[in-house]
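The residues making up each chain are set out below.
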Amino acid sequence: MSSEAVAIATLDDHKKAFNEVAFLLDIFTTTIDNIMGGATAPVGRIAGREMARKLPVYLQNPSLEETITLLAARMKSGFDFSLEKPEQGEELLFKRCVLRDACALRGMPMGGATCRLFHSYLDGIMNELVSRPVKSEIVSCGAECRTRIKTQ
């Protein structure tokens, strides 16, 4: 057995790490938003499609609902979201969102650059998995957030 000490992360260590990640998210999304003039959707979609290609999953002709169920399970450490079908169209309901926590910590506006980039990224993942364009629109932000989803 090794005589090296094993470092155990404390709650304070986790808080400091989350603060650092929130800081980096703020810088990256603000910079991308400034460079792109607010048109960050293509950047997010391209990154999402690339991420989807690396996911160790195979879905044969998946529905949007099947894809969202899979992603919700994969992302459950930081998010709690589900597909709802209200009268206005299909929507994702985000009950828990780690980015909402990061925005609150950094004083970033909910529904702002960070949220828009994330939702474009998620659109790109879904686009790649269902093999057709997916576009979301932020409907509401707060204790729970909603996005309307459209596919072709």
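Here, every reference points to the structure presented above.
The structure presented is a predicted model; accordingly, all values stated were derived computationally and were not measured. (Residues numbered from 1 in each chain as written. Predicted model: local features only at pLDDT ≥ 70, side-chain atom pairs only at ≥ 80, totals over all residues. Heavy atoms only, no water.)

Bringing the environment of V134 into the picture now. Among the secondary structure elements, V134 is positioned in strand β3 (residues 134–140). As a C-alpha pair, V134 and I149 span 15 residues in sequence and 7.0 Å in three-dimensional space. The contact partners of V134, leaving out residues within four places of it in the chain, are R45, D123, M126, N127, I149, K150 and T151. (Helix = DSSP H or I, 4+ residues; strand = E, 2+ residues; numbered from the N terminus. Contact = heavy atoms within 4.5 Å.)

A general feature of soluble globular proteins is that nonpolar side chains tend to end up buried together. Ranked by size, the top nonpolar core spans 23 residues in total, and within it L71, F79, F81, L92, F94, L122 and M126 carry the most contacts. Looking at this core, the elements that each hand over two or more residues are α3 (64–74), β1 (79–84), β2 (91–97), α5 (113–130) and β4 (145–151). Ranked by size, the runner-up nonpolar core spans 5 residues in total, among them A102, C103, M108 and C115. (Core = buried A, V, L, I, M, F, W, Y, C linked by side-chain atoms within 4.5 Å. Buried < 20%, exposed > 50% of the residue type's maximum accessible area, 1.4 Å probe, protein only.)

Here the focus is the pattern of salt bridges. Tallied over the entire structure, the rule returns 11 salt bridges. Between E128 and R53 there is a salt bridge, with its nearest N and O atoms 3.5 Å apart. Highlighted residues: E128 in helix α5 and R53 in helix α2 (residues 41–54), separated in sequence by 75 residues. Overall, E128 belongs to the partly exposed group, its relative accessible area being 28%. (Salt bridge = Lys/Arg side-chain N within 4 Å of Asp/Glu carboxyl O.)

This paragraph deals with α2. In this model α2 runs 20 Å from its N-terminal to its C-terminal C-alpha over 14 residues, within 8% of the 20 Å that 1.5 Å per residue would give. The complete set of buried residues in α2 reads G44, G48 and A52. Down the axis of α2, the buried side of the element spans an arc of 70 degrees, and every buried residue falls inside it. In α2, the exposed positions that point more than 90 degrees away from the buried face belong to I46 and K54. (Expected span 1.5 Å × (residues − 1). Arc of directions from axis to C-beta.)

Turning our eyes to something else, we now look at the packing of α2 against α5. Closest axis-to-axis distance for the α2/α5 pair is 6 Å, and the angle between their directions is 45 degrees. When the axis of α2 is compared with that of α5, the two are oblique. Handedness of the crossing formed by α2 with α5: right-handed. Between α2 and α5, the contacting residues are A41, V43, G44, R45, A47, G48, R49, M51, A52 and R53 on the first element and L117, S120, Y121, D123, G124, I125, N127, E128 and L129 on the second. A breakdown of the residues in the contact of α2 with α5 according to their chemical character gives 9 nonpolar, 5 polar and 5 charged. (Axes fitted to C-alpha atoms, helices over the stretch in contact; angles between N-to-C directions. Parallel < 35°, antiparallel > 145°, perpendicular 65-115°, else oblique. Left-handed = near helix turned anticlockwise from the far one by under 90°. Nonpolar A, V, L, I, M, F, W, Y, C, P; charged D, E, K, R; others polar.)

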